[in-house]
Amino acid sequence: MDVIGRAPKSEKGEYFRNNVWWWRPLWDYVETVAPDVVEGVSGHYNDGDGLDGEGAERLSQILMISLSDGTCEAYKKQYYAEMANLPNEECNLCNKTGIRTDEVGITHGMNTQELPEDKAIVLGRTHGTCNGCDGVGWKPNWGTHYPFETENVREFAEFLAESGGFSIC
Ligand SMILES: [Zn+2]
């Protein structure tokens, strides 16, 4: 997601960029701590929506306060605690077995590939792997791909303060 400053007061306010993995949790956080400010803004879509200068200023202040009073840090802890509880996802390339035996698997020799010693110990077998799950049979939950950091909130808040309003593109 590219967030463009509408009337930047400095270089910092021209542009803020988060890839989609970073943007989603950041905007979720914004909606959590400043629901009235961003009400009606379609922040999860890059369709040019955003806030005017006054709104961006208010949002920046709320985010900065949340950083200094510990709200953001607490949110992060909670966020990662919930992430740790997400169930693993079954690997459907190998049908949860850890050994891929479909056409692709056989073509690439995954079903007969010898495992390195350390992996053989963990997996309890000497041969056979899967490129979807590294031979384990399951993968981390999709939700674990979405990082959240207080520093990212700070960078966004600093951008907002200098942006003169913003559009999410
Ligand atoms: Zn697999």
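Preceding this section is the structure that the text describes.
Student: Please set out the nonpolar core residue by residue, giving values where relevant.
Tutor: Formed by 30 residues in total, the largest nonpolar core has its most connected members in W23, W27, L59, L63, F156 and F166. Put simply, the parts of the chain that give this core at least two residues each are α1 (20-33), α2 (53-68), α3 (71-84), α6 (150-163) and β6 (165-168). Residues in contact with F156, not counting those within four places in the same chain, are V3, F16, W23, L26, W27, V30, L59 and L63.

Student: Describe the layout of surface pockets, and please don't skip the residues or the numbers.
Tutor: Approximately 160 Å³ is the volume attributed to the largest pocket. Looking at the largest pocket, the residues that line it are R24, P25, D28, Y75, Y79, E82, M83, L86, G143 and Y146. For the lining of the largest pocket, the elements supplying multiple residues, two or more each, are α1 and α3. Per-element tally for the lining of the largest pocket: the top contributor is α3, with four residues. For the lining of the largest pocket, the residue count by class is six nonpolar, one polar and three charged.

Student: Outline the side chain of N152, listing residues and values.
Tutor: In this structure, N152 sits in helix α6. With a relative accessible area of 9%, N152 lands in the buried category. Here N152 is in contact with F16, N18, W22 and L26, once residues within four sequence places are set aside.

Student: Go over the coordination of the zinc ion, please, and point to the residues and values.
Tutor: Within the first shell, the zinc ion binds the protein through C91 (SG), C94 (SG), C130 (SG) and C133 (SG), at distances of 2.3 Å. Classification of the site at the zinc ion rests on its four donor atoms, whose angles at the metal span 106 to 113°, yielding the label tetrahedral. When the donors of the zinc ion are listed by position in the chain, the intervening gaps give C-x2-C-x35-C-x2-C. With C91 in the loop between β4 (89-90) and α4 (103-107) and C130 in the loop between α5 (117-123) and β5 (138-139), this residue pair connects regions lying 39 residues apart in the sequence. For C130, a relative accessible area of 1% corresponds to the buried category.

Student: Which residues make up the pairing of strand β1 (residues 2-5), and what values do they have?
Tutor: Regular strands have side chains that alternate between both faces of the sheet. Residues V3 and G5 of β1 are buried on one face, while the alternating residues D2 and I4, pointing to the opposite face, are not. Pairing between β1 and strand β2 (residues 15-17): three bridges, direction antiparallel. Note that in β2 the partner of V3 across the bridge is F16. With three bridges connecting them, β1 and β6 associate as antiparallel partners. Looking at the pairing, V3 lines up with I168 of β6.

Student: So what's going on with the side chain of K76? Residues and values would help.
Tutor: Counting through the fold element by element, K76 comes out in helix α3. In terms of polar contacts, K76 uses its side chain to reach the side chain of E149, at 2.9 Å. K76 has contacts with F148, E149 and T150, leaving out every residue within four places of it along the chain.

Student: Pulling in residues and values, what's your account of the packing of α1 against α6?
Tutor: Direction vectors running N to C along α1 and α6 enclose 75°, while the axes themselves pass 11 Å from each other. Looking at the two axes, α1 sits roughly perpendicular to α6. Across the interface between the two elements, W22, W23, L26, W27, Y29 and V30 of α1 pack against N152, V153 and F156 of α6. Broken down by class, the residue content of the contact of α1 with α6 amounts to eight nonpolar, one polar and no charged.

Student: Give a detailed account of α2, specifying residues and quantitative values.
Tutor: Between its first and last C-alpha, α2 extends 23 Å over 16 residues, near the 22 Å set by a 1.5 Å rise per residue. The complete set of buried residues in α2 reads G55, A56, L59, S60, L63, S66 and L67. For α2, the arc enclosing every buried residue in end-on projection is 135°, short of the 170-degree limit, so these residues lie on one face. Opposite the buried face of α2, at more than 90 degrees from it, the exposed residues are E54, I65 and S68. Looking at the residues trailing α2, positive phi occurs at G70, about 90°.

Calculation rules
Residues numbered from 1 in each chain as written. Predicted model: local features only at pLDDT ≥ 70, side-chain atom pairs only at ≥ 80, totals over all residues. Heavy atoms only, no water. Core = buried A, V, L, I, M, F, W, Y, C linked by side-chain atoms within 4.5 Å. Buried < 20%, exposed > 50% of the residue type's maximum accessible area, 1.4 Å probe, protein only. Helix = DSSP H or I, 4+ residues; strand = E, 2+ residues; numbered from the N terminus. Contact = heavy atoms within 4.5 Å. 1 Å grid on protein atoms, 1.4 Å probe; cavity = no way out; pocket = protein on both sides within 12 Å on 5 of 7 lines; lining within 4 Å. Points joined across faces, edges and corners; volume = space filled by probe spheres on them. Nonpolar A, V, L, I, M, F, W, Y, C, P; charged D, E, K, R; others polar. Donors = N, O, S within 2.8 Å, 3.2 Å for Na, K, Ca; no water. Tetrahedral: all angles 85-135°; square planar, octahedral: opposite > 155°, others 65-115°. Pairing = 2+ DSSP bridges. Polar contact = N/O pair within 3.5 Å; in protein donor to acceptor, adjacent residues only side chain to side chain. Axes fitted to C-alpha atoms, helices over the stretch in contact; angles between N-to-C directions. Parallel < 35°, antiparallel > 145°, perpendicular 65-115°, else oblique. Expected span 1.5 Å × (residues − 1). Arc of directions from axis to C-beta.

The values are spatial; any link to function lies outside them.
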